[in-house]
Amino acid sequence: AQDVVTGKAVPLQGDQITVGARRISIFGIDAPDPDQDRECRLGNQLFGCFSNARRFLAAMLDLGEVTCTDTGKRNYVQFAYMTCVVNGKDIGEEMVKAGHALAFLPQSTKYVELEKAAKAAKLGIWQQGVTFTIPWVWRESNGRAVDGP
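Remember, predicted model here, so these are calculated numbers, not experimental data. Counting of residues starts from 1 at the beginning of each chain's written sequence and follows it residue by residue. Local features in a predicted model are, by the rule used here, given only for residues with pLDDT of at least 70; side-chain atom pairs are given and counted only at 80 or more, and totals for whole chains, interfaces and linings are based on all residues. By convention in this description, side-chain values take in all heavy atoms of the structure and omit both hydrogens and water.

Take the nonpolar core next. In this text, buried Ala, Val, Leu, Ile, Met, Phe, Trp, Tyr and Cys residues form a nonpolar core when linked through side-chain atoms within 4.5 Å. For each residue, the accessible area found with a 1.4 Å probe, counting protein chains only, is set against the maximum for its type, and the residue is called buried under 20%, exposed over 50%, and partly exposed in between. Of all hydrophobic cores here, the largest spans 24 residues; its most connected members are Ile17, Ile24, Val66, Cys68, Cys84 and Ile91. Counting residues per element, the ones that place at least two in this core are strand 3 (16-19), strand 4 (22-26), helix 1 (49-61), strand 8 (66-74), strand 9 (80-86) and helix 2 (91-97). Only heavy atoms matter for contacts: two residues are in contact if any of them lie within 4.5 Å across the pair. Filtering out sequence-adjacent residues up to four positions away, valine 66 remains in contact with Val5, Thr6, Gly7, Ala9, Ile17, Val19, Leu61, Val85, Val86 and Ile91. Tyr81, Ala118, Trp126 and Val130 belong to the second largest nonpolar core, which has 13 residues in total. Here a helix means four or more residues in a row that DSSP labels H or I, a strand means two or more in a row labelled E, and each is numbered from the N terminus.

As structure tokens, this is what we get:
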């Protein structure tokens, strides 16, 4: 049987949550890492790309309990990659659609079309004047695993 986790979730990062003691990575997306708040810019000002993503996720999690289904994949530190739904909405889909996360290409092309739409609409990190490093490239350039926590 597929592992399904249900309950109230708390955001860790823009692409990671906890439900009880379980740490879960959202499958198919990659949101900016915590230390990218000092790297992302809007013009010459710092732009809180990690903080914005985490806040957006927190607001979604306030809508109710999540139901997460294990994909069978694990990240570098063995957190499960799961597809999670809250209030009938796919969390990965909503994060990418709002421009707060990218389609995690090293893992899946599931959200590529939604990312293109967010870019075209200039939402979140895609808005005019925002510069940032793709999160998995950022991790790699800082000596961390591409599929790191």
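Tracing the chain through its elements places asparagine 52 in helix 1. A polar side-chain atom of asparagine 52 sits 2.7 Å from a polar atom in the side chain of arginine 55. If near-sequence neighbours (up to four positions away) are discounted, asparagine 52 is found in contact with Phe47 and His100. Distance and chemistry together define a polar contact, namely a pair of N or O atoms within 3.5 Å, with one atom able to donate a hydrogen and the other to accept it when in protein, and with adjacent residues in sequence counting only for side-chain atoms on both sides.

The subject of this paragraph is empty space enclosed by the protein. Here a cavity means grid points, on a 1 Å grid over the protein atoms only, where a 1.4 Å probe fits yet cannot get out; a pocket means an open set of points with protein on both sides within 12 Å along at least five of seven lines; lining residues are those with an atom within 4 Å of a point. Grid points are joined across faces, edges and corners, and a volume is the space filled by probe spheres set on the points. Inspection of the entire model under this criterion finds one cavity of 30 Å³ or more. Roughly 90 Å³ of internal volume is contained in the largest cavity. Lining the largest cavity are 16 residues, with Asp15, Asp30, Tyr81, Arg139 and Gly148 sitting closest to its centre. Residue assignment for the lining of the largest cavity shows that the elements contributing at least two residues are strand 4 and strand 5 (29-30). The residue makeup of the lining of the largest cavity, split by class, is six nonpolar, five polar and five charged. Note that Gly is not counted as nonpolar here; it falls among the polar residues with everything else outside the nonpolar set of Ala, Val, Leu, Ile, Met, Phe, Trp, Tyr, Cys and Pro and the charged set of Asp, Glu, Lys and Arg.

So, about unusual backbone geometry. For residues other than glycine, phi is negative in most cases, and the peptide bonds are mostly trans. Its identity is not glycine, yet glutamine 78 carries a phi of approximately 70 degrees, on the positive side. Relative to the elements of secondary structure, glutamine 78 occurs in the loop between strand 8 and strand 9.

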